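# Structure assessment
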Amino acid sequence: MNEAAKSLEKKVYRVQGFSCANCAGKFERNVKNIPGVHDAKVNFGTSKITVYGDATIEELEKAGAFENLKVEPERPMRQTSFQVLRENHPEPNIYRVEGLSCVNCAGKFERNVKELPGVQDAHVNFATSKMAVYGNATIDELEKAGAFENLKVIPEKLGGQTVKNILEAKANSEEKEPFYKKHSTLLFASLLIVLGYTSYFVNGEDNLVTVLLFMSAIVIGGYSLFKVGFQNLLKFDFDMKTLMTVAIIGAALIGEWAEGAVVVILFAISEALERYSMDKARQSIRSLMDIAPNEALVRRNGHEMFISVDEIQIGDIMIVKPGQKIAMDGVVVSGTSSVNQAAITGESVPVAKTVGEEVFAGTLNEEGLLEVRVTKLVEDTTIAKIIHLVEEAQGERAPAQAFIDKFAKYYTPVIMVIAALVAIVPPLFFGGDWGTWVYQGLAVLVVGCPCALVISTPVAIVTAIGKAAKNGVLVKGGVYLEEIGTLKAIAFDKTGTLTKGVPVVTDYKVLNDEFSKDEVFAMITALEHRSRHPLASAIVKKANRENISFAEIAVDAFTSLTGKGLKGKINGKDYYIGNPKLFKELLGAGFEGRLKEETAVLQNEGKTVMVFGTAREALAIVAVADEIRESSKEVIRKLHQLGIKKTIMLTGDNQATANAIGNQLGVKEVRAELMPQDKLDDIKRLRAEYGKVGMVGDGINDSPALAASTVGIAMGGAGTDTAIETADVALMGDDLSKLPFTVSLSRKALNIIKANITFAIGIKLAALLLVVPGWLTLWIAILADMGATLLVTLNGLRLLK
């Protein structure tokens, strides 16, 4: 390993002494400035720092610059067998798998791969068609382990190509391949059936030519089915292909060649359509993969060149022209532009970017030329993390899916027993005709195929999670997708969630007509400019925005009056700015009347009031408040419309301010003056009362409450790794309006899943009832199975709209 590569080795440390998210951010920036450190990431929620490069413990602790800050290397915890496996094989080989059309196939493929020599473990993600293999196996061995026709295994990276390049090349070649070549076997078998029925009507059912044509159609059209079905029979492994194999062989043995051939073809069509539908659902992730460019224009050693994103290093300067997509995450070092961040945040309104501001891979530079210093490698970009987490989420089984998978495990053997009883009991005990009842038993096998039941849930989950991601909502798994639709109460952190989290001047009134408004505000700003109080920034921003000049005003004898305000001498005269209590002390009885009334009105509106003046007279009143987001009131209203029984605002602010903001928003309960532990207690109280409770916060300071809720929802995930890592659901933009959309999407997905399961079971029960009068045929059975599978799949794909 060369020196450059060594410097990017990852080291994880535990950090003790963090008291706020700002301290964590400052510590991260300081560590990045240590010589030998290329990058660093602080996770405030877990009190950990990851350092890419070399730094001593002493250097790290000095970078903190906080009293009692301690840094120690991450100690290995007692490991599970899987963690030991990952340690021995830290980097699994990732493959894309094509040809998986059902959950059972994926499970069987995973078991077969685990049995290969040299493979310690394997995990197949059916939803995303990906497989992680811990150990060594050739492509040929993996494809043979599949034992399915047309199964293809593609490495995630091959000869410098990313899987995106490979998939694009394959898609282009498939588009050029004619339909008749792609489905030649199916078409040829269908032709044989047509010829068979022609011979059936001309020569008769028992004619040798008729039988040979139908037999050929069964063998050619069902070759891949029989190949797997016979293997399963030998292993006593019963799945839908086993059921179909037994049914078709049984049909041939009792002389029902025509119906056996039709069952083969219709099953093959059903599988092809099922595969197409799952590919359509998976397209939500492939569309995310297409967002970021494969290469970027980079300046190195004074030369500009296009290079692959895989070769771009941290610190490289990218040049992004108007109309181009940004290829990597980074910080603007030159230029000004507006950037469309819809790919990441779901917001279509462009965001202004200038020097020092962060930009994300996959976003569109709309106007100016930007030079961007790369801050993350291609695998660590925000869009890469989103893709990875969404793929993982789509692979996580939702409760409904877990139930169906478990149900199907026992359902298939039960169907085989029922089919055997239908075939044997009537002839043995009631004098029924063997041919008739064996035929009925075979039909039961076909109609009992669990295809529709097994596919009913994953297609809806995959589609919904992909749809959410494209709209700037990252859902971390099927369980959270289901849970968010069942919430009865939602708690909101105030600062940065319902409000913008930045104080602004809301009211300004001059009380003495001898002074102009700008003249008084300039003096106020001259004093506040010397303060580090958060409210001072709101005063300075207003002055700068309105071009009020204050820099030339000299302030002498500047003093901070702790807990009260500021004092300074301007033009030889003492001036004060501070809270109403300060002026009550200064003015005494002079504070009563108009001044007291006006400050009280503003305070009742939830605003922080400051008074400016001398020891004898109040000259002006300034009110500052954390502005409410424009969308917050509408979001609360929509959530109430959706049937959320309780909305509650949690804040550390004083009760009066909290009540004023809560009344404006329309939340049903306000809890103020809370510490983090109090917020946690409130969430526990709500869960005891309502059962399912969501918590919306910033993903950092609200970590305990987010973790205790049924679903933790973090705001502004695009800007913070912590929000993406800690929350169950992350709203990638600072857009609270995505919350009602997510609740609605979840409920729609739940309704579709319930409808699919009900329909899949209902149509099978209806078909099975036809056994009683002896009306069930193989035609009806396969049409019921194929029809149910297609309808539940198409119903799930409705979520794409």
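Just above, that's the structure.
Worth saying up front: this structure is predicted, and the values here are computed from it rather than measured. (Residues numbered from 1 in each chain as written. Predicted model: local features only at pLDDT ≥ 70, side-chain atom pairs only at ≥ 80, totals over all residues. Heavy atoms only, no water.)

## Concerning the overall build of the chain
Of the regular secondary structure elements, the chain holds 32 helices and 32 strands. Counting every position in the chain, which comprises 801 residues, the buried fraction comes to 50%. Counted over contacts in the chain with a minimum sequence separation of 6, partners at least 24 positions apart contribute 66%. In the structure as shown, the chain presents an accessible area of about 37100 Å², 55% of it carried by carbon and sulfur atoms. (Helix = DSSP H or I, 4+ residues; strand = E, 2+ residues; numbered from the N terminus. Buried < 20%, exposed > 50% of the residue type's maximum accessible area, 1.4 Å probe, protein only. Contact = heavy atoms within 4.5 Å. Areas by Shrake-Rupley, 256 points an atom, 1.4 Å probe, with all protein chains shown as cover.)

## So, the packing of aromatic side chains
Within this structure, the stated rule accounts for six aromatic pairs. Seen in terms of ring centroids, Tyr197 and Tyr200 are 5.9 Å apart; in terms of plane orientation they differ by 55°. Their pairing is tilted. Placement of both Tyr197 and Tyr200 in helix 9 (residues 184-203) is noted, with a separation of three residues, approximately one turn of the helix. Taking the relative accessible area as the measure of exposure, Tyr200 reaches 28% and is therefore partly exposed. (Phe/Tyr/Trp six-rings, centres within 6.5 Å; stacked < 30°, edge-to-face > 60°.)

## Some points on the side chain of Glu528
With respect to the helices, strands and loops of the structure, Glu528 is situated in helix 22 (residues 517-528). Contacts of Glu528, omitting those with residues within four sequence positions, involve Ala536, Ile539, Leu566, Ile577 and Met610.

## A word on a nonpolar patch on the surface
Nonpolar side chains collect at one region of the surface, where Phe188, Leu191, Leu195, Leu208, Leu212, Met215, Val219 and Ile220 lie side by side and expose about 690 Å² of accessible area between them. Put simply, the parts of the chain that give the nonpolar patch at least two residues each are helix 9 and helix 10 (208-221). Take the nonpolar patch: its biggest share by element is five residues, from helix 10. By secondary structure assignment, the location of Leu191 is in helix 9. Given the relative accessible area of 45%, Leu191 is considered partly exposed. (Patch = residues over 30% accessible without salt bridge, like charges linked within 9 Å, V, L, I, M, F, W, Y side chains within 5 Å. Salt bridge = Lys/Arg side-chain N within 4 Å of Asp/Glu carboxyl O.)

## Observations concerning the pairing of strand 11 (residues 295-300)
In summary, the side chains of a regular strand alternate between the two faces of the sheet. Two elements, strand 11 and strand 12 (residues 303-308), share six bridges in a ladder whose sense is antiparallel. When the sheet's bridge partners are listed, Ala296 is paired in strand 12 with Ile307. Adjacent in sequence and paired antiparallel, strand 11 and strand 12 are bridged by two residues, among which Asn301 carries a positive phi angle near 50°. Examined bridge by bridge, strand 11 and strand 13 (residues 317-320) share two bridges and lie antiparallel to one another. Looking at the pairing, Arg299 lines up with Ile317 of strand 13. (Pairing = 2+ DSSP bridges.)

## What about the sheet that holds strand 18 (residues 364-365)?
Here three strands make up an open sheet; going across it, the order is 16-15-18 and the pairing antiparallel. With one partner strand each, in any of the chains shown, strand 16 (351-353) and strand 18 form the two edges of the open sheet. Bridge analysis of strand 15 (residues 337-340) against strand 18 gives two bridges, and the strand direction is antiparallel. When the sheet's bridge partners are listed, Asn340 is paired in strand 18 with Leu364.

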